[in-house]
Amino acid sequence: MKYLIASVSALMIAGCQAAPVAPQAAVPAVASVAPEDGERIQVAGVDEDIVCRSMKVTGTRFSKRECKTVSAWVEYDKYTNRNAKESTDNFQRLNTGCSTTGTC
């Protein structure tokens, strides 16, 4: 049993000593300065300006930075506003009128 454990350990250690991987070509830096919130930047290959926002994340005090095109932000805002309205309407329907008293 000792020989089995020793041979498996030796194989694992030998497997870790693989040949080094050749270094890949360096990727050029895009920009060293990130845009401020609401600042529009132009990105190569994209017809629209890119707008960045700091988004609050539940459970952490650090914000998350998201960058999208102007049209994507418009769609995102529509989506979140629609969800907020539906949640509010649902709450108000369930907690008022006939649903709370049982009689109309």
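Quick caveat: nothing in here was measured; it's all calculated off a predicted structure.

(A) Here's a closer look at the overall build of the chain. When helices and strands are counted, the chain shows three helices and three strands. Traced from its N-terminal end to its C-terminal end, the chain shows the element sequence α-β-β-β-α-α. Across the 104 residues in the chain, those meeting the buried criterion constitute 7%. Excluding contacts between residues fewer than 6 apart, the proportion of contacts in the chain whose partners are at least 24 apart in sequence is 8%.

(B) Spotlight on the confidence of the model for the chain. Chain-level pLDDT for the chain is 74 on average; 50% of the residues reach the 70-or-more range. The low-confidence segment residues 26–32 (pLDDT under 50) makes zero contacts with residues lying over four places distant or belonging to another chain.

(C) Representation of the state of the cysteines. For the structure on display, the rule yields one disulfide. Note on cysteine connectivity: Cys52 is disulfide-linked to Cys67, with sulfurs 2.0 Å apart. Every disulfide takes its handedness from the sign of the S-S torsion; for Cys52 and Cys67 that torsion is 105°, giving right-handed. Taken together, the residues Cys52 in strand S2 (residues 49–55) and Cys67 in strand S3 (residues 64–69) connect sequence positions 15 residues apart. Taking relative accessible area as the criterion, Cys52 reaches 0% and is therefore assigned buried.

(D) A look at the packing of aromatic side chains. In total, this model carries one aromatic pair according to the counting rule given. If you follow Lys68 out to its NZ or CZ, it ends over the ring of Trp73, 4.9 Å from the centre.

(E) A look at the environment of Val70. Residue position: Val70 is located in helix H2 (residues 70–94). Given the relative accessible area of 27%, Val70 is considered partly exposed. Linking Val70 and Ile50, residues 20 residues apart in sequence, is a C-alpha distance of 6.5 Å.

(F) Representation of the pattern of salt bridges within the structure. Evaluation of the coordinates by the stated rule reveals four salt bridges. Here Lys68 and Glu66 are joined by a salt bridge, their closest N and O atoms 3.5 Å apart.

(G) Focus on the environment of Ser63. Summarising the element assignment, Ser63 is placed in the loop between S2 and S3. The class of Ser63 is partly exposed, set by a relative accessible area of 47%. Expressed as a C-alpha distance, the spacing of Ser63 and Arg53, which sit 10 residues apart in the sequence, is 9.5 Å.

Conventions used here
- Residues numbered from 1 in each chain as written.
- Predicted model: local features only at pLDDT ≥ 70, side-chain atom pairs only at ≥ 80, totals over all residues.
- Heavy atoms only, no water.
- Helix = DSSP H or I, 4+ residues; strand = E, 2+ residues; numbered from the N terminus.
- Buried < 20%, exposed > 50% of the residue type's maximum accessible area, 1.4 Å probe, protein only.
- Contact = heavy atoms within 4.5 Å.
- pLDDT = per-residue confidence, 0-100.
- Disulfide = S-S within 2.5 Å.
- Phe/Tyr/Trp six-rings, centres within 6.5 Å; stacked < 30°, edge-to-face > 60°.
- Lys NZ or Arg CZ within 6 Å of the ring centre and 35° of its normal.
- Salt bridge = Lys/Arg side-chain N within 4 Å of Asp/Glu carboxyl O.

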